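# Coordinate inspection notes
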Amino acid sequence: MKIVVAPDVQHVAEAAFKVMKNTVSEKKDAVLGLATGSSPEGLYALMAKDHSENGTSYQDVVTYNLDEYVGLPQNHSQSYYTFMHEKLFQYIDVKEENIHIPCGCAQDEEKACHDYENMLAKVRIDLQVLGIGSDGHIAFNEPGTPFDSLVHLVHLKQQTIHDNARFFDHDESKVPTMAITTGLADIMRCRKIILIATGANKAQAVHDMVKGPVSTSCPASILQKHPDTVVFLDEAAASKL
Ligand SMILES: N[C@@H]1[C@@H](O)[C@H](O)[C@@H](COP(=O)(O)O)O[C@@H]1O
C-alpha cells in the first residue's frame, strides 16, 4: 500500500487524476470501477475538465459502480445513479450502455446481487476508485463483512446513516437503511486501486486501514494485502499516521 499525502483536497484530486489519466490514455477500453460520495468529486471534476479541454476520450471505457441504495428510484436526487450522471457521466463521452450501476429498485434484490456479480465476474477492473467511510467501510462493506464477500445486500450501520444524513436534509430518517454493494473479494480482484480520503473525520479510519491489523472490524484494512493500492490523503486525513 503506497501512501501519498498532499497539502489539501485539490492537490489530492490532482494526484488521483494523474493515475486516472494514465490509465485511460494507455488503455482506451479501460474498465473503471467508480465510487460515489464526496471523496471522488474533485477527481470527477478534473476528468470532466480534461475531457472538455483536451478531448481525453471515454468512448470505449466501461464503468462499474460499487454500490447503490436500496429503495430509492433511479431518478431520486440522492441515488448513486443520479450522483454519477450529475458529477461525471454527463460531462464525458462514456456510452450509456457501458455504464453499470447496481439496481437498487429490483423486485428481487437477491437476483439483482447475483446478476451484478455475474457481470463483474466476466471482467477485470483496471482501476478502482474508492473512498472510505468513517467506520472503515469501503463501498458499503460495513465492519464485520467477511473478506471473501461478493455482491450482497447490506443493512447500513448507524454511523453510516448518520454520516450520510448530510445528503438527506440532515434527517437520518430519510437515509435508506439498506444498500446493494460489491463485496470485498470483488474489490481485491481489481488490478489497481486508488483510495481517496480527506478531512479529520477520516483520520482514525485511515490509521486503522494503514497501520491496524488486517481485520474485518476495519474492512479497508484488507487493502494492505492488495498488490497495487495507492492511498491519496490530505494532511488532516493523514494526521493519525
Ligand atoms: N458507499 C459510500 C462509499 O463508497 C464512500 O466511500 C463513503 C465515504 O463517503 P464520503 O466520500 O462522502 O465521505 O461512504 C458512502 O457510504
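Attention here is on the structure that accompanies the text. Since the model is a prediction, treat every value here as computed from it, not as a measurement.

## Brief notes about unusual backbone geometry
- A positive phi angle, close to 55 degrees, is found at Asp-169, a residue other than glycine.
- Looking at where Asp-169 falls in the secondary structure, it is placed in the loop between helix 5 (158–164) and strand 8 (178–181).
- Given a relative accessible area of 57%, Asp-169 falls into the exposed group.
- The residue His-170 is not glycine, and still its phi comes out positive at about 55 degrees.
- Inspection of the secondary structure assignment puts His-170 in the loop between helix 5 and strand 8.

## Some details on the sheet that holds strand 5 (residues 99–100)
- The parallel open sheet is built from seven strands, whose spatial order is 1-10-9-6-2-3-5. Looking at the sheet topology across the chains shown, the edges are occupied by strand 1 (2–6) and strand 5.
- Examined bridge by bridge, strand 6 (residues 127–130) and strand 9 (residues 192–197) share four bridges and lie parallel to one another. Paired with Gln-128 across the strands is Ile-193, a residue of strand 9.

Each value, and the rule that gives it
Residues numbered from 1 in each chain as written. Predicted model: local features only at pLDDT ≥ 70, side-chain atom pairs only at ≥ 80, totals over all residues. Heavy atoms only, no water. Helix = DSSP H or I, 4+ residues; strand = E, 2+ residues; numbered from the N terminus. Buried < 20%, exposed > 50% of the residue type's maximum accessible area, 1.4 Å probe, protein only. Pairing = 2+ DSSP bridges.

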